[in-house]
Amino acid sequence: MKKISNTRRKSNAFPKYKTGDRIKLPEAMRLSIIERDTKNVSIHEAGHVVAALLSGNDVVWGRMYKFNDGDVFDQSTRGGCVMSSHARRTKLQSAIIGYAGVVAELLQDDKLLDLWSVEEAIEDDTFSPSPTDWANIKKIHPTWRRRALERCMDLLKANWQQVELAAELIVEDFKFEIEFNPDASEHDETMGRIFLRENLWRDESK
Ligand SMILES: [Zn+2]
């Protein structure tokens, strides 16, 4: 079992308070923070899941967990992690999977985002991959990273419905499985597997 991502994003949409400040948060505000974190974390992990499934992994787990005691102003109330069954993938595929979390987060707001905007968001740290995501991205030489990022964006844009579906399922505990499609064209084969909506289902065995 190989861990391919781990997310604990800092939130910056709400005002900062000093450590020790005792803030009684209105319930509606607390819920809206949780809702935002749930949406962002689930779409981030869904990006990894879809990229991993399309890169030759048969079984992928995406998980979201709660940070109940966290300071909601400073830290995300939700975190996530994606595990894959095995790592039969090239370095380029690893980098694509590594990028897929932040790319999914960026695409959820704007499907028409271009490569340069995404590169800029990552470079200026607006949306930076987590250390575990970087570990995958750094498997390829820096000169190849733009290509990996471009492939990642094309992949997620072309399979956006699956990303959204995976995000819905990620809110619950689930397992994704995929079947190899023998009719795949040579082009599809380079991404490993064909990802079909009907191949996505919840693991009922747990
Ligand atoms: Zn990630």
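Small disclaimer: the values here were computed from a predicted structure and weren't measured. (Residues numbered from 1 in each chain as written. Predicted model: local features only at pLDDT ≥ 70, side-chain atom pairs only at ≥ 80, totals over all residues.)

A separate point is the overall build of the chain. Looking only at helices and strands, one finds 7 helices and 4 strands in the chain. Walking the chain from its N terminus toward its C terminus, one meets helices and strands in the order β-α-β-β-α-α-α-α-α-β-α. Expressed as a percentage of the 206 residues in the chain, the buried residues total 38%. (Helix = DSSP H or I, 4+ residues; strand = E, 2+ residues; numbered from the N terminus. Buried ≥ 20, exposed ≤ 12 C-beta atoms within 10 Å, placed from the backbone.)

Membership of the largest hydrophobic core comes to 37 residues, with the highest contact counts inside it found for V50, Y99, A100, V103, C152 and L156. Those elements giving two or more residues to this core turn out to be α1 (27–53), β2 (59–66), β3 (78–84), α2 (91–109), α5 (142–158) and α6 (160–170). The biggest single contributor to this core is α2, with 10 residues. Not counting the four nearest positions on each side in its chain, Y99 is found in contact with P129, I137, A148, L149 and C152. (Core = buried A, V, L, I, M, F, W, Y, C linked by C-beta atoms within 7 Å. Contact = placed C-beta atoms within 7 Å.)

In this structure, W134 sits in helix α4 (residues 131–137). Taking C-alpha positions, W134 is 6.4 Å from G98, a pair spaced 36 residues apart along the chain. Apart from residues lying up to four places away in sequence, W134 is in contact with G98 and P129.

The next subject is the packing of α2 against α5. For the pair α2 and α5, interaxial distance at closest approach is 8 Å and the crossing angle is 55°. Here α2 is positioned oblique relative to α5, judged by the angle of their axes. Judged by the twist between their axes, the crossing of α2 over α5 is right-handed. Every residue of α5 that contacts α2 at L92, A95, I96, Y99, A100, V103, A104 and L107 is listed here: W144, R145, A148, L149, R151, C152, M153, L155, L156 and K157. (Axes fitted to C-alpha atoms, helices over the stretch in contact; angles between N-to-C directions. Parallel < 35°, antiparallel > 145°, perpendicular 65-115°, else oblique. Left-handed = near helix turned anticlockwise from the far one by under 90°.)

Time to look at the packing of helix α3 (residues 115–123) against α5. One way to put it is that α3 packs onto α5 with a least axis distance of 10 Å and a crossing angle of 115°. As for the relative orientation of α3 and α5, their crossing is right-handed in sense. Facing L115, V118 and E119 of α3, the residues of α5 in contact are L149, E150 and M153. Partitioned by chemical class, the residues of the contact of α3 with α5 number 4 nonpolar, no polar and 2 charged. (Nonpolar A, V, L, I, M, F, W, Y, C, P; charged D, E, K, R; others polar.)

With that out of the way, let us pick up α6. Considered for burial, the residues of α6 that qualify are Q162, V163, A166, A167, L169 and I170. Along α6, the residues classed as buried sweep out an arc of 165° about the axis, all on the same side. (Arc of directions from axis to C-beta.)

All right, on to the confidence of the model for the chain then. With 64% of its residues at a pLDDT of 70 or more, the chain has an overall mean of 74. Under a pLDDT of 50 for its full length, residues 8–13 has, in the predicted model, 10 contacts with residues more than four places off or in other chains. Scored below 50 in pLDDT, residues 178–206 shows 41 contacts in the model against residues more than four places distant or in partner chains. (pLDDT = per-residue confidence, 0-100.)

With that settled, consider unusual backbone geometry. Here the phi dihedral of D125 falls at roughly 75°; this positive angle occurs in a residue that is not glycine. Note that D125 resides in the loop between α3 and α4. On the basis of neighbour count, D125 is assigned to the exposed category, with 7 C-beta atoms found within 10 Å.

With that settled, consider the environment of R78. Relative to the helices and strands, R78 is located in strand β3. Judged by local crowding, R78 falls into the buried class, with 26 C-beta atoms found within 10 Å.

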